[in-house]
Every structure is written in structure tokens, then in C-alpha cells.
Amino acid sequence: MNVSPEQFPDAVVDASASGQAEQVAVLAGGCFWCVEAVYRQLEGVTSVTNGYAGGTARSADYSTVSSGRTDHAEAVEIKFDPTTISYGRLLKVFFSIAHDPTTKDRQGPDVGRQYRSVIFYGDDEQRRIAESYIKQLDGAKVFDRPIVTEVVPLDRFYAAEEYHQDYAARNPLEPYILFNARPKVEKVRKYFKDRVKSGT
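Conventions adopted
Residues numbered from 1 in each chain as written. Predicted model: local features only at pLDDT ≥ 70, side-chain atom pairs only at ≥ 80, totals over all residues. Heavy atoms only, no water. Helix = DSSP H or I, 4+ residues; strand = E, 2+ residues; numbered from the N terminus. Polar contact = N/O pair within 3.5 Å; in protein donor to acceptor, adjacent residues only side chain to side chain. Expected span 1.5 Å × (residues − 1). Contact = heavy atoms within 4.5 Å. Pairing = 2+ DSSP bridges. Axes fitted to C-alpha atoms, helices over the stretch in contact; angles between N-to-C directions. Bend = angle between axes of the 7 residues up to and from the residue. Buried < 20%, exposed > 50% of the residue type's maximum accessible area, 1.4 Å probe, protein only. Right-handed = clockwise from strand over helix to strand, strands pointing away. Phe/Tyr/Trp six-rings, centres within 6.5 Å; stacked < 30°, edge-to-face > 60°.

**Student:** I'm lost on the environment of Glu 6 in this one. Help?
**Tutor:** With respect to the element layout, Glu 6 can be found in the segment before strand 1 (23–29). With 31 residues separating them along the chain, Glu 6 and Ala 37 place their C-alpha atoms 19 Å apart. At 2.8 Å, the side chain of Glu 6 forms a polar contact with the side chain of Ser 4.

In C-alpha cells:
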């Protein structure tokens, strides 16, 4: 990345907050434990669920998805209050901290199609915002390499097994969490401290 998170541009195209009810964003950026930990601390995020998107219900379980033989991606379903945090702001965190959008089918030590970078849009507005922001970031040369994030329609989201939910918070001393999730959590607290929930 050519800029630090505090210099990362806001989305020029974003959603209006007026009169909107709770919204849902589904994002995939590698291991869902890490992505969940990033978003759970943000003001305006009401819930984060780890799960699978991009495949069928029959194979939406951890052992099958982890084999890399399905079309699922490990993803998070983020429910948020658009009057407090916008969809574009969620994407800013996604691209600047939650994952590396320039690596295809890989995030850190995790390799496979299930770890690909994907924005699963729920409607045309989300698609428009996502596609515009990727073009904006590419045009600004924010990254040394092209963004490979897929922007595809959301068909279904399948919640992961219960033990995967809130995993990083419940297992803070696990080596994987210490080396992969914790640095991202700390970056959010540093660079988006005005957006972090009180008491987190």
C-alpha cells in the first residue's frame, strides 16, 4: 500500500443516510475471524456474523469450505446503521485495514479460493458504490498492484458454526489471532479511533 490508513481516501460515491433503516453488507477478505474482529469494534455496526457466501447450502460448512473445492468464500455479514456509518466507510476500512485486496485467493498464511477478496452486493446502489470506489483507489494508485476484489451479487449468506462467531474476542491469545487479527484491530483503534465504540 502506498498510503497509510489515515491518508486513505473516502469514497467519493457513497449512500445517503437520510431515512434509511438498518442495512446489511457482506464482505469477504480472507479468514473471517480477522475481518469480524475489525468490524465488531466500529460505531454504527450492530452485529457481525461469520459465514460463507458464493456457494450452495449443501456445502456451506467449515470442513467442506476449507477444502477449497466449493465456490464459497469465508465472509462476514455486517449489519449497520447507515445514519452512523455509511457503506462507503465500511469499504474504506475493508480496503485500508481488513485485508489486502491485491492478492488473489490468498490472505497472509491462508491460501485458496475460499480466502478470495469479494464484495457481495445486496442491491444496485451497493454495486455502484463498490465499483466506483475500486476505480477511485486504482486511479489514485493507492496500491502498488491492481485491486483484484470481485464485485458480485449476493445470492445467499450462510452463518458459520457457532464456535466461529466472535472467535478473536474469545481466543485473544491464540497465536493465529495474535499475529493476524490483533494487528488489524489495533490499526482500527489507531486510525479510526473516532469511529470505535466506547468501551472496546
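**Student:** For this particular structure, what's the right way to read helix 4 (residues 124–139)?
**Tutor:** Counting along an α-helix, one turn takes 3.6 residues, and residues three or four places apart therefore face a common direction. Compared with the 22 Å implied by 1.5 Å per residue over 16 residues, the 22 Å span of helix 4 between its first and last C-alpha is a close match. Next to the buried residues of helix 4 lie strand 1, helix 3 (87–98), strand 6 (117–121) and strand 7 (150–153). Directly beyond the C-terminal end of helix 4, a positive phi value near 55° is found at Lys 141.

**Student:** Hey, could you run me through the sheet that holds strand 8 (residues 157–159) in this one?
**Tutor:** Sheet strands line up and pair through hydrogen bonds in the backbone, either parallel or antiparallel. In spatial order, the strands read 7-6-1-3-2-8; together these six strands make up an open sheet with mixed pairing. At either margin of the open sheet sits one strand with a lone partner, and together these are strand 7 and strand 8. Taken pair by pair, the neighbouring strands of this sheet meet at an average axis angle of 35°, ignoring direction. Along the sheet, helix 1 (residues 32–40) contacts strand 1, strand 2 (45–53) and strand 3 (73–80); its crossing angle with strand 2, the most-contacted strand, is approximately 165°.

**Student:** Which parts of the structure should I look at to understand helix 6 (residues 175–191)?
**Tutor:** With 17 residues, helix 6 should cover 24 Å at 1.5 Å per step; its first-to-last C-alpha distance of 24 Å lies within 8% of that length. Of all the bends in helix 6, the greatest reaches close to 40° and is centred on Ala 181; the proline Pro 183 follows between one and four positions later. Buried residues in helix 6 make contact with helix 1, helix 3, strand 5 (110–111) and helix 5 (167–170).

**Student:** For this particular structure, what's the right way to read the pairing of strand 7?
**Tutor:** Consecutive side chains along a regular strand alternate between the two faces of the sheet. Of the pairings in the sheet, the one linking strand 6 to strand 7 comprises four bridges and is parallel in character. Looking across to strand 7, one finds that Phe 120 is bridged to Val 152.

**Student:** Teacher, can you tell me more about the environment of Glu 36 here?
**Tutor:** Along the chain, the position of Glu 36 falls in helix 1. With a relative accessible area of 1%, Glu 36 lands in the buried category. Along the backbone, Glu 36 and Gly 112 are 76 residues apart, and their C-alpha atoms lie at a distance of 19 Å. The contacts of Glu 36, once residues within four sequence positions are left out, are Val 48, Asn 50, Val 76, His 164, Gln 165, Asp 166, Tyr 167 and Ala 168. Of the polar contacts made by the side chain of Glu 36, one reaches the backbone nitrogen of Asp 166; its length is 2.6 Å. A polar atom in the side chain of Glu 36 sits 3.3 Å from the backbone nitrogen of Tyr 167.

**Student:** What should I look at first to understand the pairing of strand 6 in this one?
**Tutor:** Counting buried positions along strand 6 gives five out of five residues, so the element sits mostly inside the fold. Side chains Ser 117, Ile 119 and Tyr 121 project from strand 6 onto one buried face, and the interleaved Val 118 and Phe 120 project onto a second face that is buried too. Judged from the four bridges that link them, strand 1 and strand 6 form a sheet pairing that is antiparallel. Residue pairing across strands places Val 26 opposite Phe 120, the latter belonging to strand 6. In this fold, strand 6 hands off to helix 4, which returns the chain to strand 7; that crossover is right-handed.

**Student:** Would you mind showing me how to read the packing of aromatic side chains here?
**Tutor:** In this description, a pair of aromatic rings is defined by centroid distance and the angle of the planes. Considering all chains together, one arrives at seven aromatic pairs under this definition. With a centroid separation of 5.8 Å and an interplanar angle of 50°, the aromatic rings of Phe 32 and Tyr 52 are classed as tilted. Taken together, the residues Phe 32 in helix 1 and Tyr 52 in strand 2 connect sequence positions 20 residues apart. Across the pair, Tyr 52 and Phe 32 agree in class, each one buried. Taking 5.8 Å as the distance between ring centres and 70° as the angle between the ring planes, the aromatic pair formed by Phe 95 and Tyr 133 counts as edge-to-face. Within this pair, whereas Phe 95 is found in helix 3, its partner Tyr 133 is found in helix 4, the two being separated by 38 residues in sequence.

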